[in-house]
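# A structural walkthrough
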There are 2 protein chains.
Amino acid sequence: MAEPQLQTQTRADEAFDCLQTAIVKGDLAPGEKIGEVELCSRFNLTRGPLREALGRLESRGLLVRRPHAGVNVVSVSAEELIELYRIREVMEGLAARQAAERMTDEEIRDLQATLDSHEALIEEAQGQAYYQAEGDYDFHHRIATGSRNTKLAQMLLGDLYYMVRMYRYRLSTSAGRPHMALGEHRRIVEAIAQRDGDLAEFLMKRHINAARQNIEKKIQEGVLTI
Amino acid sequence: MAEPQLQTQTRADEAFDCLQTAIVKGDLAPGEKIGEVELCSRFNLTRGPLREALGRLESRGLLVRRPHAGVNVVSVSAEELIELYRIREVMEGLAARQAAERMTDEEIRDLQATLDSHEALIEEAQGQAYYQAEGDYDFHHRIATGSRNTKLAQMLLGDLYYMVRMYRYRLSTSAGRPHMALGEHRRIVEAIAQRDGDLAEFLMKRHINAARQNIEKKIQEGVLTI
DNA sequence: TTATGTCTTATTGTTGACAATCCCTCTGTT
DNA sequence: AACAGAGGGATTGTCAACAATAAGACATAA
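Residues numbered from 1 in each chain as written. Chains lettered and ligands numbered in written order. Predicted model: local features only at pLDDT ≥ 70, side-chain atom pairs only at ≥ 80, totals over all residues. Heavy atoms only, no water.

A separate point is the relation of the copies chain B and chain A. Expressed as a screw operation, the relation of chain B to chain A combines 0.0 Å of axial shift with a rotation of 180°, fitting to an RMSD of 0.0 Å. The relationship between the two copies is best expressed as a two-fold rotation axis. Here 100% of the interface residues in chain B have copies in chain A that are interface residues too; the copies meet face to matching face. (Least-squares fit on C-alpha atoms with pLDDT ≥ 70 in both. Contact = heavy atoms within 4.5 Å.)

See the structure below:
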């Protein structure tokens with residue numbers, strides 16, 4: 001949560017961050033049409049930097065723009081959300097494998113400590129899906145960077161996670177799921193600690209598969225309306 | 001090679017396309033520092049749309065920008081190129097699996113016909129790595145779109161392929177490789193035609209693995225200096 | 001009443017000028 | 001001769017005004 005050299009950031013970066021978090025948190029609803037001048041007054045910017053930020057967000061798939069017609073927040077259908085998890089499955093599987101091969105012993109210890117704190121978090125804030133989601137994000141974040149695969153981490157952290165988190169904020173996790181997930185996390189870390197890339201990949205894929213099935217069930221139950 | 005509604009494109013789109021192809025073709029060398037005004041005169045643009053395009057390219061990982069210091073074309077190290085192929089392996093494996101499940105019969109016939117034309121192309125232009133590379137790109141392009149997984153296709157076609165092609169243009173393929181690759185392509189399409197998703201994924205992963213090993217060998221031979 | 005065509009208006013796309021920042025060179029010192 | 005510091009210059013970041021386009025409203029006709 002450190003924020004170094006916030007000063008050296010350019011206005012376009014600032015705009016980009018603001019918009020990205022606004023979209024992810026749901027302050028800008030999916031499908032919503034957003035006008036440039038309105039955004040300018042809202043975030044205290046001028047249109048130059050804003051347009052640059054809009055370009056970046058479009059290329060990341062968080063916005064859709066039609067020439068002269070304005071910009072809309074992307075709206076992901078239920079099917080597309082499922083597809084996102086299919087992509088995560090293979091990419092994070094690879095990340096887990098490479099993390100098992102390349103993470104330092106210290107990083108692995110850190111990761112284990114992180115899981116301990118997650119366990120405490122789940123206990124005290126049981127049912128509070130928000131904290132669980134943040135913990136989950138933290139775990140996957142570490143694996144992605146631990147893979148030492150620059151592009152892979154960039155695609156996961158810069159593209160996929162933002163789109164997934166867009167719905168995490170609306171999607172309450174099932175009752176028993178946090179504990180389940182934590183157990184799966186632990187086994188993945190064990191495999192990484194044993195430098196067993198095959199197993200780490202297998203477990204991670206199964207972990208994300210379980211998450212996907214959980215979401216599919218919710219959608220069928222009609223809990224999630226997209 | 002059709003160019004529909006070129007007119008309705010905005011100047012920023014134009015700038016984006018120009019720069020992207022210039023980077024991929026090598027007209028802008030990796031690592032090269034490029035000034036904004038120079039680019040403007042080169043592509044007949046003004047700095048507004050240009051900066052928007054630069055933002056998009058940066059977010060796609062084709063450029064790196066430091067505030068107030070200018071923009072450089074990304075330079076991918078040999079290790080990173082290999083990592084790119086590791087990502088391709090899992091993502092295109094998934095694409096092949098989903099293509100086997102979802103492509104229409106007509107698309108599959110088209111794909112088979114494409115391979116026939118590739119065979120002819122290889123015969124007449126043997127050794128001409130360029131045409132082989134284009135044919136290969138065409139094949140993988142069809143599989144990606146055939147997966148009906150919007151985000152997957154977007155990530156493959158919009159991100160990974162451009163970075164890979166950056167080096168394809170410089171990297172001459174080995175003597176026997178085109179024929180080998182074509183054979184592998186044929187077997188993948190066979191699996192897709194039989195709707196065998198497991199096999200299609202397996203074969204595609206092995207295909208890209210072979211391409212990666214081919215490149216690794218070249219790098220060790222010192223043919224490719226990045 | 002509905003559909004169609006035109007026109008107005010507001011929004012987007014573009015431009016050129018202005019301000020802020022960093023890089024490079026030149027000078028001075030060790 | 002080599003290194004450090006400061007200044008000039010060029011380049012990037014930002015802004016506000018102008019032009020072009022599409023959406024929406026209104027009126028007319030079927």
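On to the packing of aromatic side chains. Inspection of the entire model under this criterion finds 2 aromatic pairs over all chains. Centre to centre, the rings of Tyr 137 of chain A and Tyr 161 of chain A are 5.8 Å apart; their planes meet at 75°, and the pair counts as edge-to-face. Taken together, the positions of Tyr 137 of chain A in helix α6 (residues 129–146) and Tyr 161 of chain A in helix α7 (residues 150–168) put the pair 24 residues apart, joining distant regions of the chain. In this pair, the class of Tyr 137 of chain A matches that of Tyr 161 of chain A, namely buried. Above the face of the Tyr 137 of chain A ring, Arg 165 of chain A is positioned so that its terminal group lies 4.1 Å from the ring centre. When the ring centre of Phe 16 of chain B is taken as reference, the NZ or CZ atom of Arg 56 of chain B above it lies at 5.2 Å. (Phe/Tyr/Trp six-rings, centres within 6.5 Å; stacked < 30°, edge-to-face > 60°. Helix = DSSP H or I, 4+ residues; strand = E, 2+ residues; numbered from the N terminus. Buried < 20%, exposed > 50% of the residue type's maximum accessible area, 1.4 Å probe, protein only. Lys NZ or Arg CZ within 6 Å of the ring centre and 35° of its normal.)

What follows is about the pairing of strand β2 (residues 63–66) of chain A. Residue and element names in this part refer to chain A. On β2, burial follows the alternation: Leu 63 and Arg 65 on one face are buried, whereas Val 64 and Arg 66 on the facing-out side are not. Judged from the 4 bridges that link them, β2 and strand β3 (residues 70–73) form a sheet pairing that is antiparallel. Note on β3: the bridge partner recorded for Leu 63 is Val 73. Where β2 folds back on β3, the antiparallel hairpin that results is connected by 3 residues, among which His 68 adopts a positive phi of roughly 65°. (Pairing = 2+ DSSP bridges.)

Across the sheet, which stays open at both edges, the 3 strands sit in the order β1-β3-β2 (chain A) with antiparallel pairing between neighbours. Edge positions in the sheet fall to β1 (33–34) and β2 of chain A, since each of these pairs with one other strand and no more.

Turning our eyes to something else, we now look at the sheet that holds strand β3 (residues 70–73) of chain B. Residues and elements named next belong to chain B. Here 3 strands make up an open sheet; going across it, the order is β1-β3-β2 and the pairing antiparallel. Both outer strands of the open sheet, β1 (33–34) and β2 (63–66), are each paired with one neighbouring strand and no more. In terms of strand pairing, β1 meets β3 through 2 bridges, oriented antiparallel. By the bridge assignment for β3, Ile 34 is matched with Val 71.

None of this, on its own, says anything about what the molecule does.
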